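Chain residues, written in single-letter form:
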Amino acid sequence: MRNFVERHTFWAIVILVAAAMLLWMIFAVWPDWLVQALGRKKTFVNTLLNGITLGGLYFLVASGFTLIFGLMRNVNLAHGAMYLLGGYIGFEIAEYTGNWFLGLVVAFLAVGFSGILLQVLIFRRMEGDDLRQTLVTIGISIIAADVMLAVWTGTTYQFSPPDWLFGATVLPVISVIKSSGAEVYIKYPVYRLAVLAVAVAVGVGLWLFLNRTKIGMMIRAGVNDREMLSASGVNVQLVFSVVFAIGAGLAGFAGVIGGTALSIAPGEDVRYLLASLVVVIVGGLGSISGAAIGALIIGLAEQFGLAYFPTYGVVLTFLIMVVVLAVRPQGIMGER
C-alpha cells in the first residue's frame, strides 16, 4: 500500500476522495437535490450492496478460472459447465440429506474430481496448444450442458439455505427520517452478506495458499519453468492436477452458493463462463487480487446499469473490458 501511494500519489488521492464521498452517501441523510438526482437513498444503497455481493459471487466462480486459465494458461471453456454441475449435484445432495453444507462439500469434491479427470485426459495431452484446448473444452461444455438438460430437465432449481441464513438484518444505515423524527434503517438479506464473507475468506485463503505455502511456490515455479521444477524432483503433473482440482472445485462450490442466492437453470453455465472471462481479463491473468477487483467492478457495473439505465446496462460490462484492454492490456493487476 505504501509503495502504491508513493508511486501513484495522484490516483491514491482520487481513490481516497472517492471512498470518502461514497461513505458520506451511504451514512449521511441525503439532501433533496441528491434525492432528485439519484432517486431514493434506499435504492442506491441496495444497488451498491447487490453489486458488491454479486461481485463476491463472480469472484468465487472466477477464482477457479483464474487458477486454471490465468495462472496455468490452460483454456478451460468448460468452467461454466462445472459451475452448473456443482449446483445440480449440491441441490440433489442437500434435498436428499436435508443438509445444505453437505451439498456444498460434495459439490466441491465431485467437481474437483472432474477437474482432475479433465487435466489428466485432456490438458495433459494438449499442453501449449491453446486452439485445441479451446475447441475441445467448448465441445465438452456443449455435451455436458445437453447431458445435464436430459437429467435435470429445464426446471429452475432453488436451494433452501440453513434457517439462520434466512431473512434480513438491519444495517446501521439510515434510509429516511420521517416527519415525526423517527429514523428508518435499511434492511438487507443475511444470505447475501454471507456470500460476501465467504468470497473474502476464499480470496484471502487462495492468496495465502499461492504466496505463503510451499505448494503455492511450486505451482508458480511450475508455471514459469516446469522443466527446472521437474529436475528438482517435484512431480509437476501432480502439482498441476492439484491446481485443476482446486479450480474446478471452486466452480462447483460457487454453483451451490450462486444457486442459493439466485437459482440453477440451463444457461447459467454460459452466463458465469462469460462473467469469469471478463473478470479475469479486467483484473489481470493469474492475479487473485486482480480477480477480486475485476469481479467487484463487473458486479457493480451490472447492478447499477440494471437500476439506473437498464436499456444500456448490458453494454456497460463490455465497455469496461474494452477500456481496460485499451489502457492496460495486461489487466488492472496483471504483469507485463
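Please refer to the structure placed before this passage.
My aim in this report is to walk through the structure given alongside it, one point at a time.

Here we look at unusual backbone geometry
Located in the positive-phi region is threonine 153, a residue other than glycine, with phi close to 60°. Relative to the helices and strands, threonine 153 is located in the loop between helix H7 (130-152) and strand S1 (168-177).

Observations regarding empty space enclosed by the protein
Tallying each qualifying case throughout the model produces one cavity of 30 Å³ or more. In this model, the largest cavity occupies a volume close to 50 Å³. As for the largest cavity, its lining consists of Thr53, Leu54, Leu57, Arg192, Val195, Ala261 and Leu262. Looking at the lining of the largest cavity, the elements with two or more residues in it are helix H4 (41-71) and helix H8 (190-212). Among the elements that take part in the lining of the largest cavity, H4 stands out by supplying three residues, more than any other.

Observations concerning the side chain of serine 287
Note on placement: serine 287 falls in the loop between helix H12 (268-283) and helix H13 (288-308). A polar contact of 3.2 Å, which involves the side chain of serine 287, links it to the side chain of serine 289.

Brief notes about the packing of aromatic side chains
Per the counting criterion, the structure on display carries 13 aromatic pairs. Measuring from ring centre to ring centre gives 5.6 Å for phenylalanine 44 and phenylalanine 304, while their planes differ by 55°; the resulting arrangement is tilted. Placement of phenylalanine 44 in helix H4 and of phenylalanine 304 in helix H13 is noted, with a sequence separation of 260 residues between them. We note that phenylalanine 44, like phenylalanine 304, is buried. Members of the aromatic cluster, connected to one another through ring pairs, are Tyr88, Phe91, Trp152, Tyr157 and Phe159.

A closer look at the pattern of salt bridges
If you walk through the whole model with that rule in mind, you get two salt bridges. A salt bridge links aspartate 129 to arginine 132, with the shortest nitrogen-to-oxygen separation between them at 3.9 Å. Here aspartate 129 falls in the partly exposed class, since its relative accessible area comes to 27%. A relative accessible area of 42% means that arginine 132 is categorised as partly exposed. In this structure, glutamate 268 engages arginine 271 in a salt bridge whose closest nitrogen and oxygen atoms are separated by 3.8 Å. Placement of both glutamate 268 and arginine 271 in helix H12 is noted, with a separation of three residues, approximately one turn of the helix. For glutamate 268, a relative accessible area of 14% puts it in the buried group. The partly exposed category is assigned to arginine 271, whose relative accessible area is 31%.

Topic: the environment of aspartate 130
Here aspartate 130 shows up in helix H7. Discounting residues that sit within four places of it in the chain, aspartate 130 has contacts with Arg73 and Val75.

Observations concerning the pairing of S1
Moving residue by residue along a regular strand, the side chains alternate between the two faces of the sheet. Of the pairings in the sheet, the one linking S1 to strand S2 (residues 183-189) comprises six bridges and is antiparallel in character. Each residue of the ladder has a partner; that of valine 176, found in S2, is valine 184. Hairpin connection from S1 to S2: five residues lie between these consecutive antiparallel strands, with glycine 181 at a positive phi of about 95°.

Some details on the layout of surface pockets
Taken as a whole, the second largest pocket holds about 350 Å³ of empty space. Taken together, 16 residues make up the lining of the second largest pocket; nearest its centre are Tyr58, Glu302, Gly313, Val314 and Thr317. A per-element tally of the lining of the second largest pocket places H13 first, with five residues. Taken together, the residues that form the lining of the second largest pocket break down as ten nonpolar, four polar and two charged.

What counts, and where the lines are drawn
Residues numbered from 1 in each chain as written. Predicted model: local features only at pLDDT ≥ 70, side-chain atom pairs only at ≥ 80, totals over all residues. Heavy atoms only, no water. Helix = DSSP H or I, 4+ residues; strand = E, 2+ residues; numbered from the N terminus. 1 Å grid on protein atoms, 1.4 Å probe; cavity = no way out; pocket = protein on both sides within 12 Å on 5 of 7 lines; lining within 4 Å. Points joined across faces, edges and corners; volume = space filled by probe spheres on them. Polar contact = N/O pair within 3.5 Å; in protein donor to acceptor, adjacent residues only side chain to side chain. Phe/Tyr/Trp six-rings, centres within 6.5 Å; stacked < 30°, edge-to-face > 60°. Buried < 20%, exposed > 50% of the residue type's maximum accessible area, 1.4 Å probe, protein only. Salt bridge = Lys/Arg side-chain N within 4 Å of Asp/Glu carboxyl O. Contact = heavy atoms within 4.5 Å. Pairing = 2+ DSSP bridges. Nonpolar A, V, L, I, M, F, W, Y, C, P; charged D, E, K, R; others polar.

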